[in-house]
Amino acid sequence: MSPAPPRARGYVLCAALGGAACVAPALGPHTRWSVLALLAVLYAGGEHAVRRDVAAPTFFPVLLAGVFLLPPAAAGLVAVPGALCARVERRPRGLRRLWRATQPVLAAWAAGHAYAALDGPAAASAPDFPYVFLPASAAVLAFALVLTALDGGILLTAERVPARTAWRGLLPRSFPPVAVHGLAGLMMAVLWSSPYGPPAALLVLLPMGVSCWVFAQYHRERSAHRATIRALVQAVDLKDRYTRGHSERVGRASVLIARELGMADDRVELLRFAGILHDVGKLGVPTRLLRKEGPLTAEERRVIELHPEYGHEMVRGIGFLGEARAAVLHHHERIDGSGYPYGLSGAQIPEAARVVAVADAFDAMTSTRSYRRARPVPAALAELERCAGAQFDATMVGALVRALERHGWDSEVTAGGEPGSGVDGLGGEGGNAGLGGEGLGGEAGSVGLGGEGVEGERLRGGGEGGAASGAAGGRPRSARR
Amino acid sequence: MTARPAVRLPAALTAAVRAAAALLALGALGATLWRGVEDPGIALAFGVLIAVGELARWGSGKGREPAPLGAAGALAYALVGECAGRPSHHGVLQVLAVVVAAGLIGAVPHVALGRGPCLDHIARRVLTVGFAALCFQPLYNSGRLTAATGHGPAYAVVILTLLALTALCDAVLAAAMAHVRSGWPFGPLLREELRGMSGIGPAVCATGAVMALAVAVAGLWALPVLSLPLLLTQLAFRRYAAVRTTYRQTIASLARATEIAGCTPTGHARRVADLSRAMGRELGLAGPDLGVLEYAALMHDIGQLSLVDPVPEGATAALPEAEQRRIALLGGAVVRRTGVAAAVAVVVERQADPYREQPLTARIVRTANAYDEMARAEGPHGPLGALERLRLATGRDHQPEVVEALARVLARARGRPGERRPGAAPDRGARTGRAAERG
């Protein structure tokens, strides 16, 4: 990452000064240093265990237990040692550490004051259920609000997100985890001050710790899964080097059409995968044939035309792909029934396949192949409209035309695919909003392959692995489009 | 091998476990109905909690705890001594009665939806909770426990120890049942069971203990508050399991790419994977190692995708060694890019090395692969001949212990005609074959 802009530095420094002012009163004689030290050690341990992997919920329960057990000024100190010692992967490290220490200090300070204002400490030590829920929820709300405000600020200063959108959606994402962690923290505080003492309170942390750990595992597994899908696509690119980046662009075009048709978000995601994986069956076609120069014989063409069936054979075991599997099988069907493999016509062809067929043809026309130059987008659209009704579904063509009017098409972005870039993209879990994104405890992803907007960029093909040998020569493609 | 007792024993043990649980449950229900319910408020609250936990159940009960909240609630009820400072009076039989009744009520929607109640899971629950309650309630109700420990941290430690004992007991029971059901060695099974407890098991136990203590301090309000973290844990495990399933499917389809490309015969990768897993178990591997073994076996031929011309029949074992190693290295390179654990790539890379230079997992994959290729090449008498040739090659290529493990796995597979043989082709291969013929 590039160095933080000066105004982000200024923002973090100001916040840190504010935080220091908040914790200053804790240095007086009334602080229970033993409790504070134990909580701080726990927090540091939890942070260390949780952050070892990818972005996962921060370890809040200890912090909130601190809010419920300690005076506001001291509560903030719980997070400081852990945050300052934590490992930070990305630069600028010092600034990130400072930010991670400052954010909980300010949030805990605010939460502590909200809690004390409603007479929480007395209610918790009695314990006076259910009244104690009132100060506790006030504290949780204050905590989440301060976190959100600070996060939005960092988006504004470091990521240059416009002020109108910086705070949008942050609170709904951060509030539920903080609320659950807050309840755990409350139980911890109640047990801590009960006769059973700290050992009983520590037990509350175990399920929280386990769930944080599992979420981290989940994220790791999910990114590994994405990498595998990418590897599938790259394996096709290795064999058929013309079409580098083609799969990913077809995915993007399919998404454009699906959105234009008003499909639900998860269907749009499936269509992205349908587009990305539509040619995966080419893995089954002999490399020599895919790279052949000159016209193909009828026999060779028949072999190449098997690729939708091969592809379906490969992906049909992958449950989450749903209707994308049918799209892989039928993306070369034509509306008039003259396509392959089954010669379906009209509405017999699954909708997803009709979308991918249009996206596939559009990208084939607008990208440069070594035997011809790319056609301009309007010419390609005119050609699609000419074939609508016979080869393509007119609805899909219309949707693509409208979507491109609105969003435009940037085939250059991914047309080249610089050598080696695919490998760099493999491990990334990206999509983090700079400094700020890490502070949110929110867990927004969905099962399967998540739908961040940046996904497409990271799926960029262009793998030039050491495995492939021989340069691709020019070959007029005679397979039907 | 010992095919006979291996068939009869599981039925006997499973029946014994179920019968014991059923007797206990019926006895407890009868006695509780006869004597009436002590502290009905507490019983109702825990009953609701257990029923809700059962309602949120997920999975079949094989492997991990399917209803963590129900289990934690049941354990907590077994260990509750007082509620908001007032002592409670329920005994062991009432604990069992509440657990059984709530469990059955919670199972009704599952049965209605066609997902039957998992009998083994319920039987295990009854026995474990009975064990915990039997250890705790008589001691507590007679007043000896509080006399010894008072209401301090020592009391919490006693409760925790009791739960650890219960969990151990449960693991031994589960491993024993799995042992007689599958015939796999008991040691690794128990290890796997204990390691499986490092997942949601401790969370369940800790929540059970903390619920019992928190109810003593704060009353029944503690129950919903403490359920939330555990539900969160369950959700996390669910997502993790879902993404793992998807991932396995993706790996399997990547493995089938070589079959579809005509590099390897239909079902080869799957057969080698099943065989490797069985051999790994036979050699005492567990958990993560078995996972590595399976993925590596599925992808061991992936290097052939990078060849411009396929190897005839995909029979790499017959190629010159330098060529074998080259293909293995290509495969390792592909596997590294798939984001699978590095251990898998190592196995794929080193599968063609002499066994003394290989890790155990790579030895297993090498032997299983060679067996599958040779057994197929030689017609009906292939398997025995292949085993013989592997035994002759134990000087350099194959480790003798691994070959013997293979022999045992094969013998057991033949001994049980009813079970799917690890070497048998899965039926889904048939369609791949048809597609490949047309190519």
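Residues numbered from 1 in each chain as written. Chains lettered and ligands numbered in written order. Predicted model: local features only at pLDDT ≥ 70, side-chain atom pairs only at ≥ 80, totals over all residues. Heavy atoms only, no water.

(A) Structural detail: the pattern of salt bridges. Scanning the entire structure with this criterion turns up 33 salt bridges over all chains. A salt bridge links A:Arg334 to A:Asp336, with the nearest nitrogen and oxygen atoms 3.8 Å apart. For A:Arg334, a relative accessible area of 19% translates into the label buried. We classify A:Asp336 as partly exposed; its relative accessible area is 42%. Between B:Arg125 and B:Glu54 there is a salt bridge, with the nearest N and O atoms lying 3.5 Å from each other. Taken together, the positions of B:Arg125 in helix H5 (residues 119-141) and B:Glu54 in helix H2 (residues 40-55) put the pair 71 residues apart, joining distant regions of the chain. Put simply, B:Glu321, B:Arg325, B:Arg350, B:Asp353, B:Arg366, B:Arg396 and B:Asp397 are held in one network by salt bridges that share partners. (Salt bridge = Lys/Arg side-chain N within 4 Å of Asp/Glu carboxyl O. Buried < 20%, exposed > 50% of the residue type's maximum accessible area, 1.4 Å probe, protein only. Helix = DSSP H or I, 4+ residues; strand = E, 2+ residues; numbered from the N terminus.)

(B) Highlighting helix H9 (residues 200-218) of chain B. If you check H9(B), its first and last C-alpha atoms are 25 Å apart, about what 19 residues at 1.5 Å a residue would give, namely 27 Å. Within H9(B), 17 of the 19 residues are buried, which leaves the element mostly enclosed by the surrounding structure. (Expected span 1.5 Å × (residues − 1).)

(C) A look at the packing of H9(B) against helix H10 (residues 222-260) of chain B. All names here are of chain B. In contact at an axis separation of 9 Å, H9 and H10 are set at 175 degrees when each is read in the N-to-C sense. One way to sum up the angle between H9 and H10 is to call them roughly antiparallel. On H10, the residues that touch Ile200, Ala203, Val204, Thr207, Val210, Met211, Ala214 and Val215 of H9 are Ala222, Leu223, Leu226, Ser227, Leu230, Thr233, Gln234 and Phe237. (Axes fitted to C-alpha atoms, helices over the stretch in contact; angles between N-to-C directions. Parallel < 35°, antiparallel > 145°, perpendicular 65-115°, else oblique. Contact = heavy atoms within 4.5 Å.)

(D) Geometry of the packing of aromatic side chains. On inspection of all chains with the given rule, the structure shows twelve aromatic pairs over all chains. A ring pair is formed by A:Phe60 and A:Phe143, whose centres lie 5.4 Å apart and whose planes are at 85 degrees; its orientation type is edge-to-face. Placement of A:Phe60 in helix H3 (residues 60-69) and of A:Phe143 in helix H8 (residues 133-158) is noted, with a sequence separation of 83 residues between them. In this structure, A:Phe60 and A:Phe143 share a single accessibility class: buried. An aromatic cluster is present here, built from A:Phe129, A:Phe133 and B:Trp221 joined pairwise through their rings. Above the ring of A:Trp409, the side-chain terminus of A:Arg252 is found at 4.9 Å from the ring centroid. (Phe/Tyr/Trp six-rings, centres within 6.5 Å; stacked < 30°, edge-to-face > 60°. Lys NZ or Arg CZ within 6 Å of the ring centre and 35° of its normal.)

(E) Structural view of the interface of chain B and chain A. Listed as interface residues are 59 residues of chain B and, on the opposing side, 63 residues of chain A. Both faces combined, the contact of chain B with chain A buries some 5800 Å², and carbon together with sulfur accounts for 72% of it. Taken together, the connections running from chain B to chain A amount to one salt bridge. Across the salt bridge formed by A:Glu313 and B:Arg256, the nearest N and O atoms sit 3.0 Å from each other. Across the contact surface, chain B and chain A share four residue pairs in polar contact (both at pLDDT 80 or more). (Buried area = accessible area lost by both parts, 1.4 Å probe. Polar contact = N/O pair within 3.5 Å; in protein donor to acceptor, adjacent residues only side chain to side chain.)

(F) Spatial organisation of the state of the cysteines. Overall, the coordinates contain zero disulfides over all chains when judged by the stated rule. Among the cysteines around A:Cys22, which has no disulfide bond, A:Cys14 carries the closest sulfur, lying 13 Å off. (Disulfide = S-S within 2.5 Å.)

(G) Spotlight on the environment of A:Pro308. Residues and elements named next belong to chain A. Its place among the elements puts Pro308 in helix H16 (residues 307-315). Judged by relative accessible area, Pro308 falls into the buried class, the value being 0%. Sequence-wise, Pro308 and Asp336 are 28 residues apart; in three dimensions their C-alpha atoms are separated by 18 Å. With sequence-adjacent residues up to four places away left out, Pro308 is seen in contact with Val328, Leu329, His331, His332, Tyr340 and Pro341.

(H) Just a nonpolar patch on the surface, in detail. All names here are of chain B. Taken together, the side chains of Leu165, Leu168, Val172, Phe186 and Leu194 make up a nonpolar region of the molecular surface, amounting to roughly 380 Å² of accessible area. The element that contributes the greatest number of residues to the nonpolar patch is helix H7 (residues 153-182), accounting for three residues. With respect to the helices and strands, Leu165 occurs in helix H7. When its relative accessible area of 43% is taken as the criterion, Leu165 is described as partly exposed. (Patch = residues over 30% accessible without salt bridge, like charges linked within 9 Å, V, L, I, M, F, W, Y side chains within 5 Å. Areas by Shrake-Rupley, 256 points an atom, 1.4 Å probe, with all protein chains shown as cover.)

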